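The residues making up each chain are set out below.
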Amino acid sequence: MKNKSHFNEYAKFYDLVYEKKSHLKEILFISKKLKINKNSTIIDLGCGTLRHSLYLLPKVKKILGIDLSRNMLKIAENKVNKKLLNKKIYLKKANITNFSTNKSFNTAYSLFDVICLLIKDNDIKKFFLNLYNHLKPGSLVYLDYWYKPAVHYLKIKDIKQKYENSDFKMVREKVQTMNKEKNYVNVIFKFHIYNKKNKKNHYFEERHPMRFFTTKDIEKFSKKYFITKQHLSGYSNSKPSKKKWQASSILIRK
């Protein structure tokens, strides 16, 4: 079976997988770090189904949501329309390395380790240059990523998780293989879906190669365009730790 990517089939089940995640708590912390207010114009890089940005829409001037998955954006659009907030957001199907708009923004964030999907140095360089070109001077940016010392210390392992709602029963297998030379983990998600309504089973796979970084790596790629303000971990002011590889973050300023 050919592995799919870009979260297109995954999108339908994405909110089910992350429904217990503390999105409100996370975005409140990030809002303070980014000094978000009613005049904030934000780029959400890899916005997905807007699980974070939806909380901010009533409180800010404008949000641009960038994502490569058309199906993710459809779900995001439905959420926005239900809350009658469609005038405050523009959703764009594009790659975070080369999206284009004639607007300038004063804030940006990329959450859920989206930048880890950029496994080539050249793509990471393009990302920071393109972001720089779309931000006003003094803009603050919050990015999270997989922390290399933690990936090596904790070691990767395969994971099997179960999820269920009124429509589906789902088993998600996460099969992971390390590529130490190129600093990424090849993640293959295997989804076993049971549809309660039509009583049919469905199976699909998606491949998500995830790059990991040290704090020096992130600074190396960003320093040409941005000044490092702070290194963080776990949506707190704690420094990145080898005991937690996800949600290590960097706060930078143009």
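So, here's what we can say about the structure.

1. Considering helix α5 (residues 121-133)
Moving on, step 1. Helix length check: α5, at 13 residues, gives a terminal C-alpha distance of 19 Å against a target of 18 Å (1.5 Å per residue), a fit within 8%.
Moving on, step 2. Along α5, the residues classified as buried are I124, F127, F128, N130 and L131. Down the axis, α5 shows its buried residues gathered within 165° of arc, on one side only.
Moving on, step 3. Elements that come into contact with the buried residues of α5 comprise β1 (41-45), β4 (105-110), β5 (135-147), β9 (200-213), α7 (215-222) and β11 (248-253).

2. Quick word on helix α2 (residues 23-34)
Moving on, step 1. Between its first and last C-alpha atoms α2 spans 16 Å; for 12 residues at 1.5 Å apiece the expected length is 16 Å, and the two agree.
Moving on, step 2. Within α2, the full set of buried residues consists of H23, E26, I27, F29, I30, S31, K33 and L34.
Moving on, step 3. Along its buried surface, α2 packs onto α3 (53-56), β4, β5, β10 (227-233) and β11.
Moving on, step 4. Immediately downstream of α2, the backbone of K35 shows phi near 55°, a positive value.

3. A closer look at the nonpolar core
Moving on, step 1. Counting residues in hydrophobic clusters, the biggest one holds 52 residues, and the most contacted among them are I43, F127, F128, L131 and W146.
Moving on, step 2. Sort the elements by how many residues they give to this core and β5 lands first, with 6 residues.
Moving on, step 3. Residues contacting W146, with those up to four places away along its chain left out, are D113, C116, V151, Q176, V185, V187, M210, R211, F212, F213, W245 and Q246.

4. Description of the environment of Y109
Moving on, step 1. Within the secondary structure, Y109 is located in strand β4.
Moving on, step 2. Here Y109 falls in the buried class, since its relative accessible area comes to 0%.
Moving on, step 3. Separated by 43 residues in sequence, Y109 and I66 place their C-alpha atoms 11 Å apart.
Moving on, step 4. Among the polar contacts made by the side chain of Y109, one reaches the side chain of S53 at a distance of 2.5 Å.

5. Considering the pattern of salt bridges
Moving on, step 1. As enumerated under the stated definition, the model contains 6 salt bridges in all.
Moving on, step 2. In this structure, D15 and K79 form a salt bridge, with 2.8 Å as the shortest nitrogen-oxygen distance. Highlighted residues: D15 in helix α1 (residues 11-17) and K79 in helix α4 (residues 70-82), separated in sequence by 64 residues.
Moving on, step 3. Across the salt bridge formed by K21 and E26, the nearest N and O atoms sit 2.6 Å from each other.

6. Observations regarding a nonpolar patch on the surface
Moving on, step 1. Together, L24, L28 and Y55 give the surface a local cluster of nonpolar side chains, amounting to about 260 Å² of exposed area.
Moving on, step 2. A relative accessible area of 40% places L28 in the partly exposed class.

7. A word on unusual backbone geometry
Moving on, step 1. One non-glycine residue, K35, adopts positive backbone phi at about 55°.
Moving on, step 2. Take K35: it is sitting in the loop between α2 and β1.
Moving on, step 3. The phi dihedral of Y235 falls on the positive side, at around 55°, and the residue is not glycine.
Moving on, step 4. Looking at the secondary structure, you find Y235 in the loop between β10 and β11.
Moving on, step 5. Look at Y235 and you get buried, because its relative accessible area is 14%.

8. Side note on the side chain of S248
Moving on, step 1. Tracing the chain through its elements places S248 in strand β11.
Moving on, step 2. Judged by its relative accessible area of 0%, S248 falls in the buried class.
Moving on, step 3. Setting aside its immediate chain neighbours within four residues, S248 contacts L143, D144, Y145, Y147, L232, S233 and P240.

9. What to know about the packing of aromatic side chains
Moving on, step 1. In this structure the tally under the stated criterion is 16 aromatic pairs.
Moving on, step 2. Note on Y132 and F226: the rings are 6.2 Å apart at their centroids and 85° apart in plane angle, and the pair reads as edge-to-face. Within this pair, whereas Y132 is found in helix α5, its partner F226 is found in the loop between α7 and β10, the two being separated by 94 residues in sequence.
Moving on, step 3. According to the relative accessible area criterion, F226 is buried, its value standing at 3%.
Moving on, step 4. Ring pairs connect the aromatic residues Y10, F13, Y14, Y18, F112, F168, F189, F191 and F204, which therefore count as one cluster.
Moving on, step 5. Of note, K254 hangs over the ring of Y132, and the distance from its end group to the ring centre comes to 4.1 Å.

10. Points about a positive patch on the surface
Moving on, step 1. Together, K125, K220, K223 and K224 give the surface a local cluster of positive charge.
Moving on, step 2. In this fold, K220 is placed in helix α7.

11. What about the environment of F29?
Moving on, step 1. Residue position: F29 is located in helix α2.
Moving on, step 2. By relative accessible area, F29 is classed as buried at 14%.
Moving on, step 3. Setting aside its immediate chain neighbours within four residues, F29 contacts Y142, L232, Y235, S236 and N237.

About the cut-offs
- Residues numbered from 1 in each chain as written.
- Predicted model: local features only at pLDDT ≥ 70, side-chain atom pairs only at ≥ 80, totals over all residues.
- Heavy atoms only, no water.
- Helix = DSSP H or I, 4+ residues; strand = E, 2+ residues; numbered from the N terminus.
- Expected span 1.5 Å × (residues − 1).
- Buried < 20%, exposed > 50% of the residue type's maximum accessible area, 1.4 Å probe, protein only.
- Arc of directions from axis to C-beta.
- Contact = heavy atoms within 4.5 Å.
- Core = buried A, V, L, I, M, F, W, Y, C linked by side-chain atoms within 4.5 Å.
- Polar contact = N/O pair within 3.5 Å; in protein donor to acceptor, adjacent residues only side chain to side chain.
- Salt bridge = Lys/Arg side-chain N within 4 Å of Asp/Glu carboxyl O.
- Patch = residues over 30% accessible without salt bridge, like charges linked within 9 Å, V, L, I, M, F, W, Y side chains within 5 Å.
- Areas by Shrake-Rupley, 256 points an atom, 1.4 Å probe, with all protein chains shown as cover.
- Phe/Tyr/Trp six-rings, centres within 6.5 Å; stacked < 30°, edge-to-face > 60°.
- Lys NZ or Arg CZ within 6 Å of the ring centre and 35° of its normal.
- Lys, Arg positive; Asp, Glu negative; His and termini not counted.
- Charge placed at Lys NZ, Arg CZ, Asp CG, Glu CD.

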